[in-house]
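# Structural description and commentary
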Amino acid sequence: MKSYTLKSIGKKTDYMTIVREMEDGFVVKIVRDLDGYEDIKTDYISRELFDSCIRTGYLTEITEPVKVAVNA
C-alpha cells in the first residue's frame, strides 16, 4: 500500500493510503489531523483525479512507512 501526504495549510500531517486499486480508480483511506483528533474516512478517487493530484503536487508519495489507524 502506497501512502501520500496531502498538501495542507500549516503544519498538518494529513495523508492518504491506497487500500485497493481498481481498473478506473482507487479506494483510499484519508487521515486528517484536526487539532490532535484524527478524522479517518474511506473513499473512492478516480484514476484521472489521482493523476491530476500527483501532477499538481497536491499529493506527494511518502517513502517511509506510515502508521495507519486500525479502527477505521
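The structure reproduced in this document is the subject of the present report. (Residues numbered from 1 in each chain as written. Predicted model: local features only at pLDDT ≥ 70, side-chain atom pairs only at ≥ 80, totals over all residues. Heavy atoms only, no water.)

### Details of the pattern of salt bridges
Oppositely charged side chains are able to pair whenever their charged atoms sit close together. Applying the stated rule across the entire model yields four salt bridges. The closest approach of N and O atoms between Lys2 and Glu61, which form a salt bridge, is 4.0 Å. Of the two residues, Lys2 sits in the segment before strand E1 (3-6) while Glu61 sits in strand E5 (residues 59-61), which places them 59 residues apart along the sequence. Overall, Lys2 belongs to the partly exposed group, its relative accessible area being 46%. Looking at Glu61, the relative accessible area reads 42%, which means it is partly exposed. Notably, a salt bridge pairs Arg32 with Asp14, separated by 3.1 Å at the nearest N-O pair. On the criterion of sequence distance, the pair formed by Arg32 in strand E3 (residues 25-34) and Asp14 in the loop between E1 and strand E2 (15-22) is long-range, its members being 18 residues apart. Owing to a relative accessible area of 29%, Arg32 belongs among the partly exposed residues under this scheme. (Salt bridge = Lys/Arg side-chain N within 4 Å of Asp/Glu carboxyl O. Helix = DSSP H or I, 4+ residues; strand = E, 2+ residues; numbered from the N terminus. Buried < 20%, exposed > 50% of the residue type's maximum accessible area, 1.4 Å probe, protein only.)

### Comments concerning the packing of aromatic side chains
Taken as a whole, this structure holds two aromatic pairs when the rule is applied. A ring pair is formed by Tyr4 and Phe50, whose centres lie 5.3 Å apart and whose planes are at 85°; its orientation type is edge-to-face. Residue Tyr4 is located in strand E1, and its partner Phe50 is located in helix H1 (residues 47-56); the two are separated by 46 residues in the primary sequence. Here Tyr4 matches Phe50 in class, with each residue buried. Seen in terms of ring centroids, Phe26 and Phe50 are 4.8 Å apart; in terms of plane orientation they differ by 50°. Their pairing is tilted. Highlighted residues: Phe26 in strand E3 and Phe50 in helix H1, separated in sequence by 24 residues. Members of the aromatic cluster, each reached through a chain of ring pairs, are Tyr4, Phe26 and Phe50. (Phe/Tyr/Trp six-rings, centres within 6.5 Å; stacked < 30°, edge-to-face > 60°.)

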